[in-house]
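What the coordinates show
Okay, here's what each chain looks like letter by letter:
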Amino acid sequence: MTDPQFARRRFLLGGALGAAALALTGCDAGGQDTPTGQLLRSAESLTLAAQRKLQGKTALAREYTEADISPHFRVNGSSMPDSDLYASLLEQRFADWRLKIDGLVARPTELSLAALKLMPARTQITRHDCVEGWSAIGKWTGVPLADILRAAGVLPGARYVVFHCADELEKTLDGSGRYYESIDLVDAFHPQTILAYGMNGGDLSVGHGAPLRLRVERQLGYKQAKYLMRIELVDSLHGLWGGNGGYWEDRGYEWYAGI
Ligand SMILES: Nc1nc2c(c(=O)[nH]1)N[C@H]1C(S)=C(S)[C@@H](COP(=O)(O)O)O[C@H]1N2
Ligand SMILES: [Mo]
């Protein structure tokens, strides 16, 4: 463990797991909520409610100019999924890659990269804030998630959009280290929520999440899921992996990571 950033993350993770363990004591054996658990959860929903109330549901994250773009945008977390499937997709320059959209939708769909690039695009220059304490400004080009969801037809019971990724990180928790994330429908239909295939005027690089990544600009870096393979509409996050709605959330981070 020579990389100081990695050491720092391990430190943060230790703290986060400690907090998660504390939160667990908020539930008794029967799964009933105790005051501790309720308090921890209400602190987070307060952040969500305060941001939505103060800024409104469609308030935009600040956008910057070309001159503000960071000369170096760090690659963080996975820098390349370690699987034969991803290696072969990359070798074909993602010609065989398909984004699956399923779950609680009227029309389950598969979209190629070429099909996504034919859809109306949005470009935005925004600041990415990582929980580890660094930020960078980048220009992102992609398809508004709202357009994809409208095409697929979100069914009435759906409450969350889940992003399944190609990469696995540490498999310490439940035998899986699969990266995934989730957002609610307010953020999913927000105009700056896009599935980006371009960065700073070029194709998204492997390090930054090729062929497609999420940009959900009012939340922290770990919500910006890279290496997207599948989008699933669900009514609850409980059935997925650790049940907290994301890889880092299952390791103690907050689900609503408002900036
Ligand atoms: N699939 C996947 N998405 C991910 C991660 C990851 O490890 N795997 N890391 C997250 C974190 S913590 C950050 S800060 C950003 C980093 O994005 P970048 O590599 O483009 O800087 O991606 C987020 N999305
Ligand atoms: Mo991050």
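Residues numbered from 1 in each chain as written. Chains lettered and ligands numbered in written order. Predicted model: local features only at pLDDT ≥ 70, side-chain atom pairs only at ≥ 80, totals over all residues. Heavy atoms only, no water.

1. Details of the site of ligand 1
Residues in close proximity to ligand 1 total 23 residues, the closest being R74, D167, H208, R213 and K226. Within the contact set of ligand 1, an oxygen atom lies 2.5 Å away from a backbone nitrogen or oxygen of R74. Relative to its unbound accessible area of 530 Å², ligand 1 is 100% covered by the protein chains. Tallied by class, the residues present in the shell around ligand 1 amount to 10 nonpolar, eight polar and five charged. (Near = heavy atom within 4 Å. Polar contact = N/O pair within 3.5 Å; in protein donor to acceptor, adjacent residues only side chain to side chain. Areas by Shrake-Rupley, 256 points an atom, 1.4 Å probe, with all protein chains shown as cover. Nonpolar A, V, L, I, M, F, W, Y, C, P; charged D, E, K, R; others polar.)

2. Points about the pattern of salt bridges
Here the idea is simple: oppositely charged side chains can pair when their charged atoms come close. According to the stated counting rule, one finds 14 salt bridges in the structure shown. Salt-bridge contacts for K117 lead to D203; the nearest nitrogen and oxygen are separated by 3.4 Å. Highlighted residues: K117 in helix α4 (residues 113-118) and D203 in strand β8 (residues 202-203), separated in sequence by 86 residues. The partly exposed category is assigned to K117, whose relative accessible area is 38%. With relative accessibility at 55%, the residue D203 sits in the exposed group. Note that D147 and R150 form a salt bridge whose closest N and O atoms lie 3.5 Å from each other. Pair noted here: D147 and R150 are both in helix α5 (residues 145-152), with a separation of three residues, about one helical turn. Among the residues examined, R150 registers a relative accessible area of 53% and is labelled exposed. If you follow the salt bridges from partner to partner, you end up with R52, D184, D187 and R218 in one network. (Salt bridge = Lys/Arg side-chain N within 4 Å of Asp/Glu carboxyl O. Helix = DSSP H or I, 4+ residues; strand = E, 2+ residues; numbered from the N terminus. Buried < 20%, exposed > 50% of the residue type's maximum accessible area, 1.4 Å probe, protein only.)

3. Things to note about the packing of aromatic side chains
Any aromatic ring pair is given by two values, namely how distant the centres are and how the planes are angled relative to each other. Scanning the entire structure with this criterion turns up 10 aromatic pairs. Here the aromatic rings of F73 and W140 are separated by 5.6 Å at their centres, their planes lie at 90 degrees, and the arrangement is edge-to-face. Of the two residues, F73 is situated in the loop between α2 (35-55) and α3 (84-91) and W140 in strand β4 (residues 135-144); the sequence distance between them amounts to 67 residues. No difference in accessibility class separates F73 from W140, as the two residues are buried. (Phe/Tyr/Trp six-rings, centres within 6.5 Å; stacked < 30°, edge-to-face > 60°.)

4. Here's the deal with the sheet that holds strand β10 (residues 228-234)
Across the sheet, which stays open at both edges, the five strands sit in the order β2-β1-β10-β5-β6 with mixed pairing between neighbours. With partners counted over all chains shown, the strands left at the sheet margins are β2 (109-112) and β6 (178-184), one partner each. Strand-to-strand twist of the sheet, defined as the mean angle between neighbouring strand axes without regard to direction, takes the value 20 degrees. When strand β1 (residues 98-103) meets β2, the two strands line up antiparallel, connected through four bridges. Bridge pairing links R98 to S112 in β2. Against the sheet, α5 contacts β1, β2, β5 (160-168), β6 and β10, and its axis sits at roughly 110 degrees relative to β5. (Pairing = 2+ DSSP bridges. Axes fitted to C-alpha atoms, helices over the stretch in contact; angles between N-to-C directions. Contact = heavy atoms within 4.5 Å.)

5. A word on the nonpolar core
The biggest cluster of nonpolar side chains holds 41 residues, and the ones touching the most others in it are W97, L145, V161, F163, L195, L228 and I231. For I231, the residues in contact, after removing those within four places along its chain, are L99, K100, I101, D102, L145, V161, V162, F163 and L195. (Core = buried A, V, L, I, M, F, W, Y, C linked by side-chain atoms within 4.5 Å.)

6. A few points about the pairing of β1
Where β1 folds back onto β2 in an antiparallel hairpin, the turn is made up of five residues. Note that β1 and β10 share four bridges and pair parallel. When the sheet's bridge partners are listed, K100 is paired in β10 with R230.

7. Quick notes on the side chain of S70
Checked against the element boundaries, S70 lands in the loop between α2 and α3. Of note is the side chain of S70, whose polar atom sits 2.7 Å from the backbone nitrogen of I137. Those residues in contact with S70 that lie beyond four places of it in its chain are A136 and I137.

8. Looking at unusual backbone geometry
Of note, the bond from A210 into P211 is cis; its omega dihedral lies within 30 degrees of zero at 5 degrees. With respect to the helices and strands, P211 occurs in the loop between β8 and β9 (213-215).

9. Points about the confidence of the model for the chain
Mean pLDDT for the chain: 87, with 83% of residues reaching 70 or above. Low confidence marks residues 1-33, where pLDDT is under 50. Its contacts with residues over four positions away, or in another chain, come to 36 contacts. (pLDDT = per-residue confidence, 0-100.)

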